[in-house]
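Chain by chain, the residues run as shown.
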Number of protein chains: 2
Amino acid sequence: MSKSIFYHAGCPVCVDAEQELVTLLGADNVSVVNIGEERARISEAEAVGVKSVPALLTPNGNVLHINYGASIEDVKA
Amino acid sequence: MSKSIFYHAGCPVCVDAEQELVTLLGADNVSVVNIGEERARISEAEAVGVKSVPALLTPNGNVLHINYGASIEDVKA
């Protein structure tokens, strides 16, 4: 697995994230999957650990969920 | 602004995301800022729109919060 896979569902947040990530990573390095349309791939996304969309499955097999962790208020606290 | 800035706070989630993103984007393309240590930069992060960490400020000025959007259950619903 050498490409990242960007899972999304066509939501505005997804589209914004997709545009940024494809630009940053390079279009050749990312496969984009709309699991809102390709519903058969929902189970695939779940199997690799996608908990929410948009999410990026990296070539290392890790999932980056694009949008949570700790709030900046927590950092300041 | 040609580099992305990765804001984090040293949390395990942050470290994992940092390793992935630096690998994917290339170390030369990302500045890493630990606002848990560089507390003077917390306000900078807030000013650019960082709501939580880890977060990536792209060269376009958009902030990608690494971890939320809609749950995969929402996609299925």
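The shown structure was predicted, so the numbers you read here are calculated from the model rather than taken from an experiment.

A. Representation of the nonpolar core within the structure. The biggest cluster of nonpolar side chains holds 18 residues, and the ones touching the most others in it are Leu 25 of chain A together with Leu 25 of chain B. Elements with a contribution of two residues or more to this core: α1 (12-25) of chain A together with α1 (12-25) of chain B. Among the nonpolar cores identified, the runner-up in size contains 13 residues, and Cys 11, Val 33, Ala 55 and Leu 57 of chain B belong to it.

B. Molecular detail of the pairing of strand β2 (residues 30-34) of chain A. Residue and element names in this part refer to chain A. For strand β1 (residues 4-8) and β2, the ladder comprises 5 bridges, and the chain directions are parallel. Looking at β2, one finds that Tyr 7 is bridged to Val 33. On the question of chirality, the crossover connecting β1 to the parallel β2 by way of α1 is right-handed.

C. Here's a closer look at the sheet that holds strand β4 (residues 55-57) of chain A. Residue and element names in this part refer to chain A. With mixed pairing, 4 strands are arranged side by side in an open sheet as β2-β1-β4-β5. With partners counted over all chains shown, the strands left at the sheet margins are β2 and β5 (63-65), one partner each. Taking each pair of neighbouring strands and ignoring which way they run, the sheet shows an average axis angle of 20°. In this structure, β1 lies alongside β4, joined through 3 bridges in antiparallel fashion. Bridging from a neighbouring strand, Tyr 7 pairs with Ala 55 of β4. Along the sheet, α1 contacts β1, β2 and β4; its crossing angle with β1, the most-contacted strand, is approximately 165°.

Reading the values: the criteria
Residues numbered from 1 in each chain as written. Chains lettered and ligands numbered in written order. Predicted model: local features only at pLDDT ≥ 70, side-chain atom pairs only at ≥ 80, totals over all residues. Heavy atoms only, no water. Core = buried A, V, L, I, M, F, W, Y, C linked by side-chain atoms within 4.5 Å. Buried < 20%, exposed > 50% of the residue type's maximum accessible area, 1.4 Å probe, protein only. Helix = DSSP H or I, 4+ residues; strand = E, 2+ residues; numbered from the N terminus. Pairing = 2+ DSSP bridges. Right-handed = clockwise from strand over helix to strand, strands pointing away. Axes fitted to C-alpha atoms, helices over the stretch in contact; angles between N-to-C directions. Contact = heavy atoms within 4.5 Å.

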